[in-house]
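Working through the structure, step by step
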Amino acid sequence: MAPRSSPGLREERPPPTHTPPPALPLSHRAERESGPRAGHPPACLQAPRPRRRPRPSPPPPPQPGPPKAPHCAAPLTPPAAADGAGCSGQGRVPEENELRGKVVWVTGASSGIGEELAYQLSRIGSLLAISARREDELERVKKKCLQISNLSDKDILVLRLDLTDRSSHEAATNSVLKHFGKIDVLVNNGGRSQRSLFVDTNLDVYSAIMELNYLGTISLTKHVLNHMIQRKKGKIVTVSSVMGIMGAPLASGYCASKHALQGFFNSLRTELTDYPEISIINICPGPVQSKIIQNVFTENLAKSIENSGDQSHKMPTDRCVRLTLVSTANDLKEAWISDHPYLAVCYLWQYAPTWAWWLMNRMGKRRIQNFKSGVDADASYSRKKK
């Protein structure tokens, strides 16, 4: 039996051996000496970084050849958007193959986007019905179409049309059907924009905008759609605007009419599910170098805009029309056709509306200042002052 130690006496034990910790790597020692970085755990608690994979070798440079046409997407979520470089996505159907030989009725064809649509469609080989209020301007457009294409005189029908005279729309539709026997594509392009502040604008201006841009468009659509339902195929293309997606100062009535068109045609599309060969296509251009600004509504119906300003900063009209035809050939439900920064604002309006409202308040002030100083309201916001 081992003897007990005496009270008050401590048993002597050998001193413990001390083994120093292994030396830390230099990066860990730096963490220990200076403390962890703000917002980061100590280095010893961080997971080891994965090894970087070697970068693949770059593809060989493309061989020289003829330039390729821009690609346009099948329907995307959000809607397929196009900027100055082309449409997004893949699966493009050549518009030449899709629209050649088709009967296309274009309203608002005496100037701007409608006029350019007539020219590009005639080059493709579409049979045209062109409409507007000014018949002499339509004859000018027809003459040029015949010069730049292989169409004959009977392949282009000039048809005077006032969208606000809804009682004439049935007879106009019958005239196109009598001449060509069918309508494959209706392009609702007729309409007017606006440049005036709401507090300064008479209410009859808003009535006129809705009568022309909205009611006139859906009235003509109703008569043409009856024919397409009988054939169980066709395309209804409506030139709306990015203003149908967002809001902007100086165009409250115009924005309202385009929002109305967006809501109407998105609803109409859901009513035509039994007719899969009938396409409802909304085109939403941003600022374009067209003559629409020279014929805008102002604060009263009798007043016209005094100075339209420089339009060179906007997307060329032929580029906008080219992408419109690509979108039409591919049956896109909706296409945003714009340069930046307007296209970027469309995405903000869709995904981050609070940021979009904040940004539009800032851009809106600049827009109003531009208009009051005689500069185009849509002058480039990214251009530096000289």
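Use the structure listed above.
Nothing here was measured: the structure is a model prediction, and the numbers come from that model.

1. Some remarks on a nonpolar patch on the surface
- The grouping of Phe198, Val199 and Leu203 at the surface amounts to a nonpolar patch, some 380 Å² of accessible area in total.
- The residue phenylalanine 198 is located in the loop between strand S6 (185-188) and helix H6 (203-231) in this model.

2. Here's the deal with the packing of helix H5 (residues 169-180) against H6
- Running from amino to carboxyl end, H5 crosses H6 at an angle of 45°, the nearest separation of the two axes being 9 Å. Classed by the angle they form, the pair H5 and H6 counts as oblique. Crossing angle aside, the handedness with which H5 passes H6 is right-handed. Mapping the contact onto sequence places His169, Glu170, Thr173 and Leu177 in H5 and Gly216, Ser219, Leu220, His223, Val224 and His227 in H6.
- Residues of the contact of H5 with H6, tallied by class, amount to three nonpolar, six polar and one charged.

3. Quick look at the environment of leucine 301
- In this fold, leucine 301 is placed in the loop between strand S8 (278-285) and helix H8 (317-329).
- Along the backbone, leucine 301 and tyrosine 206 are 95 residues apart, and their C-alpha atoms lie at a distance of 9.8 Å.
- With sequence-adjacent residues up to four places away left out, leucine 301 is seen in contact with Asp204, Val205 and Ala208.

4. A look at the packing of H6 against helix H7 (residues 252-271)
- Axis separation between H6 and H7 bottoms out at 8 Å; the angle between their running directions is 20°. By the angle between their axes, H6 is roughly parallel relative to H7. For the element pair H6 and H7, the recorded crossing hand is right-handed. In this structure, H6 contributes Tyr206, Ile209, Met210, Asn213, Tyr214, Thr217, Ile218, Thr221 and Leu225 to the contact, and H7 contributes Ser252, Gly253, Tyr254, Ala256, Ser257, Ala260, Leu261, Phe264, Phe265 and Leu268.
- Among the residues making up the contact of H6 with H7, the classes are represented as 13 nonpolar, six polar and no charged.

5. A look at the environment of isoleucine 293
- Summarising the element assignment, isoleucine 293 is placed in the loop between S8 and H8.
- On the basis of relative accessible area, isoleucine 293 is assigned to the buried category, the value being 4%.
- Sequence separation of isoleucine 293 and arginine 195 is 98 residues, and the distance between their C-alpha atoms is 8.4 Å.

6. Regarding the packing of aromatic side chains
- Overall, the coordinates contain six aromatic pairs when judged by the stated rule.
- Arranged with centres 4.9 Å apart and planes meeting at 85°, the rings of phenylalanine 264 and phenylalanine 265 form a pair that is edge-to-face.
- Arranged with centres 5.1 Å apart and planes meeting at 75°, the rings of tryptophan 336 and tyrosine 347 form a pair that is edge-to-face. Pair noted here: tryptophan 336 is in strand S9 (residues 334-337) and tyrosine 347 is in helix H9 (residues 342-351), with a separation of eleven residues, a long-range link.
- Grouping aromatic residues by their ring pairs yields a cluster made of Tyr214, Phe264 and Phe265.
- In this arrangement the basic side chain of lysine 144 is found over the ring face of tyrosine 119, its NZ or CZ atom lying 4.5 Å from the centre.
- Cation over ring: arginine 192 sits above phenylalanine 297, and NZ or CZ is 3.8 Å from the ring centre.

Each value, and the rule that gives it
Residues numbered from 1 in each chain as written. Predicted model: local features only at pLDDT ≥ 70, side-chain atom pairs only at ≥ 80, totals over all residues. Heavy atoms only, no water. Patch = residues over 30% accessible without salt bridge, like charges linked within 9 Å, V, L, I, M, F, W, Y side chains within 5 Å. Areas by Shrake-Rupley, 256 points an atom, 1.4 Å probe, with all protein chains shown as cover. Salt bridge = Lys/Arg side-chain N within 4 Å of Asp/Glu carboxyl O. Helix = DSSP H or I, 4+ residues; strand = E, 2+ residues; numbered from the N terminus. Axes fitted to C-alpha atoms, helices over the stretch in contact; angles between N-to-C directions. Parallel < 35°, antiparallel > 145°, perpendicular 65-115°, else oblique. Left-handed = near helix turned anticlockwise from the far one by under 90°. Contact = heavy atoms within 4.5 Å. Nonpolar A, V, L, I, M, F, W, Y, C, P; charged D, E, K, R; others polar. Buried < 20%, exposed > 50% of the residue type's maximum accessible area, 1.4 Å probe, protein only. Phe/Tyr/Trp six-rings, centres within 6.5 Å; stacked < 30°, edge-to-face > 60°. Lys NZ or Arg CZ within 6 Å of the ring centre and 35° of its normal.

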